[in-house]
Amino acid sequence: MKTPIYIIGGGIIGLLTAYELVAAAEKVVVIDHQSIGQEASWAGGGILSPLYPWRYPEPVEQLARWSQSHYQDLAETLRVETGIDTQWIRSGLLIIDENDTDTGFNWCRTHSIVADLVDQKGMTHLEPHVRMRSNSALNLPDVAQIRNPRFLKALVAWLRAHGVEIRENVAAKSLEVRAGALTAIHTDSGPINVERAIVAAGAWSGALLATAEVQVPVMPIKGQMLLLRGSAAAPFNHILLREACYLIPRQDGRVLVGSSQEESGFDKSTTESVRVMLYGKAVDLVPSLREWQIERQWAGLRPGSPDGIPYIGSHPEIKGLYVNTGHFRNGIVLAPASARLAADLVLGRTPFLDLRQFRILRK
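In this report, the structure presented in the accompanying data block is examined. (Residues numbered from 1 in each chain as written. Predicted model: local features only at pLDDT ≥ 70, side-chain atom pairs only at ≥ 80, totals over all residues. Heavy atoms only, no water.)

Overview of the packing of aromatic side chains
Inclusion rule: Centres within 6.5 Å are what make two rings of Phe, Tyr or Trp a pair, Trp counting through its six-membered ring; a difference in plane orientation under 30 degrees is then read as stacked, over 60 as edge-to-face, and the rest as tilted. In this text, helices come from DSSP runs of H or I with a minimum length of four residues, and strands from runs of E with a minimum of two, each type numbered from the N-terminal end. Each residue's exposure class comes from its accessible area (1.4 Å probe, protein chains only) as a fraction of the maximum for that residue type: buried when under 20%, exposed when over 50%, partly exposed otherwise.
Tallied over the entire structure, the rule returns seven aromatic pairs. Aromatic pair Tyr 19 and Trp 158: ring centres 4.4 Å apart, planes at 45°, arrangement tilted. Residue Tyr 19 is found in helix H1 (residues 12-23), and its partner Trp 158 is found in helix H6 (residues 148-161); the two are separated by 139 residues along the sequence. Neither residue differs from the other here; Tyr 19 and Trp 158 are each classed as buried.

Here we look at the nonpolar core
For the record, the criterion: What makes a nonpolar core is a set of buried Ala, Val, Leu, Ile, Met, Phe, Trp, Tyr and Cys residues whose side-chain atoms join them at distances within 4.5 Å. Contact criterion: two residues are considered in contact whenever any of their non-hydrogen atoms come within 4.5 Å of each other.
Counting residues in each nonpolar core, the largest one holds 39 residues, and the members touching the most others are Ile 12, Leu 16, Val 30, Tyr 71, Phe 151 and Leu 159. Listed by contribution, the elements that provide at least two residues to this core are strand E1 (5-8), H1, strand E2 (28-31), helix H3 (58-82), H6 and helix H9 (331-347). With eight residues, H1 is the single largest residue contributor to this core. If we skip the residues at most four places from it in the chain, Val 30 touches Ile 7, Gly 9, Gly 10, Leu 15, Ala 18, Ile 36, Val 164, Glu 165, Ile 166 and Arg 167. In terms of nonpolar packing, the next biggest core, distinct from the first, is built from 24 residues, Met 123, Ala 137, Ala 234 and Val 286 among them.

Points about the sheet that holds strand E11 (residues 219-229)
Strand pairing in a sheet is mediated by backbone hydrogen bonds. Such pairs are either parallel or antiparallel. Stated formally: We call two strands paired when DSSP finds no fewer than two bridges between them. Throughout, an axis means a line fitted to C-alpha atoms (over the contacting stretch in the case of helices), and angles, computed between N-to-C directions, take values from 0 to 180 degrees.
Reading across the sheet, the eight strands line up as E4-E5-E3-E12-E13-E14-E11-E15 and stay open at both edges, with mixed pairing between neighbours. Looking along the sheet, the strands with just one partner apiece sit at the ends: strand E4 (116-119) and strand E15 (293-304). Within this sheet the neighbouring strands show an average axis-to-axis angle of 20°, counted without direction. Running over the sheet, helix H4 (residues 101-110) touches E4 and strand E5 (136-140) and is turned about 30° from E5. Seen against the sheet, helix H8 (residues 272-285) touches E11, strand E12 (239-242), strand E13 (245-249), strand E14 (255-258) and E15 and runs at an angle of roughly 55° to E11.

Digging into the pairing of E13
Within E13, five of the five residues are buried, leaving the element largely enclosed by the surrounding structure. Side chains of E13 alternate between two faces, with Cys 245, Leu 247 and Pro 249 and Tyr 246 and Ile 248 buried alike. Examined bridge by bridge, E12 and E13 share three bridges and lie antiparallel to one another. Among the inter-strand pairings, Arg 242 is bridged to a residue of E13, identified as Cys 245. Once E12 ends, the chain turns through two residues before running back antiparallel as E13, passing Glu 243 with a positive phi of about 50°. Here E13 runs beside E14; their pairing, made up of four bridges, is antiparallel. Counterpart to Ile 248 in the pairing with E14 is Leu 256.

What about the pattern of salt bridges?
Definition in use: By salt bridge we mean one thing: a side-chain nitrogen of Lys or Arg within 4 Å of a carboxyl oxygen of Asp or Glu.
By the definition in use, this model includes 22 salt bridges. Of the charged contacts in the structure, one is a salt bridge between Glu 26 and Lys 2, with a shortest N-O distance of 3.6 Å. Residue Glu 26 is located in the loop between H1 and E2, and its partner Lys 2 is located in the segment before E1; the two are separated by 24 residues in the primary sequence. Residue Glu 26 is classed as buried on the basis of its relative accessible area, which comes to 14%. The shortest N-O distance in the salt bridge between Asp 344 and Arg 349 comes to 2.8 Å. Arg 349 gets classed as partly exposed once you look at its relative accessible area, which sits at 33%. Look at the salt bridges and you will find they share partners, linking Arg 147, Arg 229, Asp 252, Arg 254 and Glu 295 into a network.

Overview of H6
Spelled out, the test is: Here, expected helix span is obtained from the residue count minus one, scaled by 1.5 Å.
Under the 1.5 Å per step criterion, the end-to-end length of H6 is 20 Å for 14 residues, consistent within 8% with the ideal 20 Å. Those residues of H6 not exposed but buried are Asn 148, Phe 151, Leu 152, Ala 154, Leu 155, Val 156, Trp 158 and Leu 159. Summarising the contacts, the buried residues of H6 are in contact with H1, helix H2 (40-43), H3, strand E6 (165-167) and H9. Downstream of H6 by a residue or two, Gly 163 has a phi angle that is positive, lying close to 85°.

Observations regarding the packing of H1 against H6
For the record, the criterion: In this scheme, a crossing is called left-handed if the near helix is turned counterclockwise away from the far one by less than a right angle; it is called right-handed if the turn is clockwise. Residues were grouped as follows: Ala, Val, Leu, Ile, Met, Phe, Trp, Tyr, Cys and Pro as nonpolar; Asp, Glu, Lys and Arg as charged; and all remaining residues, including Gly, as polar.
Across the interface, H1 lies against H6 with an axial gap of 10 Å and an inter-helix angle of 35°. Between H1 and H6 lies a crossing of left-handed hand. Within the contact between the two elements, H1 uses Ile 12, Leu 15, Leu 16, Ala 18, Tyr 19 and Val 22 and H6 uses Phe 151, Leu 152, Leu 155, Val 156, Trp 158 and Leu 159. Looking at side-chain class alone, the contact of H1 with H6 contains 12 nonpolar, no polar and no charged residues.

As for the side chain of Ser 305
In plain terms, the rule: In the analysis that follows, any N or O atom pair within 3.5 Å is treated as a polar contact, provided that within protein one partner can donate a hydrogen and the other can accept it, and provided that, for residues neighboring in sequence, both atoms belong to side chains.
The topology assignment puts Ser 305 in the loop between E15 and strand E16 (311-314). Looking at Ser 305, its side chain comes within polar contact range of the main-chain oxygen of Ile 309, at 3.0 Å.

A short note on the side chain of Lys 222
Within the element layout of this structure, Lys 222 appears in strand E11. Lys 222 gets classed as buried once you look at its relative accessible area, which sits at 2%. A distance of 2.8 Å separates a polar atom in the side chain of Lys 222 from the backbone oxygen of Ser 269. Not counting chain neighbours up to four residues away, the residues in contact with Lys 222 comprise Ser 260, Gln 261, Glu 262, Ser 264, Asp 267, Lys 268, Ser 269, Ala 299, Gly 300, Leu 301 and Arg 302.

This is a description of form; function is not addressed.
This is the structure in structure tokens:
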């Protein structure tokens, strides 16, 4: 009988890693310190592209491109098998930042990504309610979005239907290593004997790994979001981005506005100053949103890494210990590729990307 592979963390990274392992006929147990999928994976916007992708290291773009090419089929599989529509929509992304338009367009051409430059007349035709303060905008028509809470719900349903044990409200406190091998996860409910475990605990990964004297510098970066609601559907169709503020039109007519970037430890409280800032940026970009109400404000903690590249790898000296974390604000878009790589590593398959660029012990 196969011994289970334990995944510590029930966000999108952990759940999709479980999905990949189950697809390879492995037995999997997922544990999380609270209800599944309630941290950064739930709190994010669900944009299936890095914001300003040319600003990220090449390994991030490689993960993003692979994930983007697989997301639609993944969403459809989950819809068919669980009955949950994750609302994958090819909205397109309009980047309305004067300083980055030419840089972004040239980068897209180099990477064979479909992109168009839009002038003020074109914007009037494309999105008449958007206020354009620059001479041109960059349109990435193939960028899609997903309703991340629904995606998480569908993943959980699929995993449970395929025999995955999901243990909620079980907090991993420390890792036990003996004779160069991982032997146990100590939780607030008692120890769990393990042979293989994947740490995918998001912003909490660094502290947990430190208990095994493994230094992976993942730190929490708070992001606050707003949900706007009006009397009709959103007055625009594309995902809009300007000055790191994005607006996402949801299928139910609401508009998601994000997000801040704050180093405040594990504090997830929301603030009036960020509420005013995000609402002001949204109204400046789409003036008609001034008539809309703020329905909700929340915050999530993203797992940041110093160089912006996630950690996907095995520990070179601790048998059975694997890591899949540090995706910062790109966890949703990078998750399918990261999960496939982690599964390749655990199962001894040939990975589709060079894993050395994601190694966990790097400077």
